[in-house]
Amino acid sequence: MRILANDGIADDGKALLEQAGFTVITEKIPQEELASKINDFDVLAVRSATKVNAEILKSATRLKLVVRAGVGIDNIDIKTAEEVGIKVSNTPNSSTLSVAELVIAHLFSVARYLFESNREMPENGRTKFKDLKKKYEKGFELRGKTLGIIGFGRIGQETAKIATGLGMKIIAYTPSAKQVDLVFDHLPFKPTPVLHVPISSLEEVLRNSDFITVHVPHQSGSPALLSTDEFAKMKKGVVLINTARGGVIDEAALAGAINTGQVGFAALDVFVGEPDINEDILKMPNTSFSPHIGASTIEGQARVSKELAETVIAFFKDKE
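Residues numbered from 1 in each chain as written. Predicted model: local features only at pLDDT ≥ 70, side-chain atom pairs only at ≥ 80, totals over all residues. Heavy atoms only, no water.

### Some details on helix α8 (residues 154-165)
Step number 1: Here α8 spans 17 Å end to end across 12 residues, near enough to the 16 Å set by a 1.5 Å rise per residue.
Step number 2: Those residues of α8 that fall on the buried side of the exposure criterion are I155, G156, E158, T159, A160, K161 and A163.
Step number 3: Summarising the contacts, the buried residues of α8 are in contact with α5 (96-111), β6 (146-150), β7 (169-173), β8 (179-183) and β10 (211-214). (Helix = DSSP H or I, 4+ residues; strand = E, 2+ residues; numbered from the N terminus. Expected span 1.5 Å × (residues − 1). Buried < 20%, exposed > 50% of the residue type's maximum accessible area, 1.4 Å probe, protein only. Contact = heavy atoms within 4.5 Å.)

### Some remarks on the packing of aromatic side chains
Step number 1: Taken as a whole, this structure holds nine aromatic pairs when the rule is applied.
Step number 2: Taking the centre distance of 6.2 Å and the plane angle of 75 degrees together, the rings of F115 and F265 count as edge-to-face. A residue pair is termed long-range when its members are at least 10 positions apart, and F115 in helix α6 (residues 114-124) and F265 in strand β12 (residues 263-268) qualify at 150 residues. When sorted by exposure, F115 lands in the same class as F265, which is buried. (Phe/Tyr/Trp six-rings, centres within 6.5 Å; stacked < 30°, edge-to-face > 60°.)

### Quick look at the packing of α5 against α8
To describe two helices that pack against each other, one gives the angle between their axes and the distance between the axes.
Step number 1: At a minimum axis distance of 8 Å, the contact between α5 and α8 shows a crossing angle of 50 degrees. One finds that α5 runs oblique with respect to α8. Of the two elements, α5 crosses α8, and the hand of that crossing is right-handed. In contact with T96, L97, V99, A100, E101, V103 and I104 of α5, α8 contributes R154, I155, E158, T159, I162 and A163.
Step number 2: Broken down by class, the residue content of the contact of α5 with α8 amounts to eight nonpolar, two polar and three charged. (Axes fitted to C-alpha atoms, helices over the stretch in contact; angles between N-to-C directions. Parallel < 35°, antiparallel > 145°, perpendicular 65-115°, else oblique. Left-handed = near helix turned anticlockwise from the far one by under 90°. Nonpolar A, V, L, I, M, F, W, Y, C, P; charged D, E, K, R; others polar.)

Pasting the structure below:
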């Protein structure tokens, strides 16, 4: 069995697959060549860079399984995969902590203006130290502030655990539950602490949050979840964080809301049209950016590759 890990795979996962008798190819095939070469492989493993479109899937008479190394599968044409009988899986568990910690990193970056002072200090730190000190002395603390979480699955819940440890209040929206119990089983306390989080409406989250972070899927071309009407319902000066998918937040509307001050700050790890990002978005004031690295920690990628390998091995074992 041949596996194409077209966006790479960590050594731990590759070793597991090879021990199970699979041949793992990690040499990237360009997007435009993939349809013509996909029949050399039984499994295609991707992250977000490779787009598994209808052309590729319809050309893949040998392919049995596509695995997304991560949570979202919006870069895979699920409908066509079903039509041609190719199984699609993902690795929903392994990147949870990495993404949640990036949310908190952006929160701190915004709260203490690190996104801006880190750029200014190398240029003006020696000559304008007192001016910069005065400029950035208006940061704020997170304790006591309300974090609204839209999408309260694994990542949303892990973010809530960390934020709770910082003393933040949690208000969450998800359409699939009325209450979620957060179990703090990573803490060395007995009995294990549990926090009961009642689920609020989306409008309650919008109106009552000092910070809002989104953790929901999004299909390209679908309307944004948060746009002008939703911004108008938020507290003036709210902070928005998006580590989910580009397009969940309407970027043009966000730029306008930042310019008016309705949105105080935005922290974005994902963008519409990646990697062809709208340059105007990157020029917005009061913004903290990262290049879609939510799941990209050493530990997270090791866990993802292991979960991917276990998924592939289990799939073919069930076929025996």
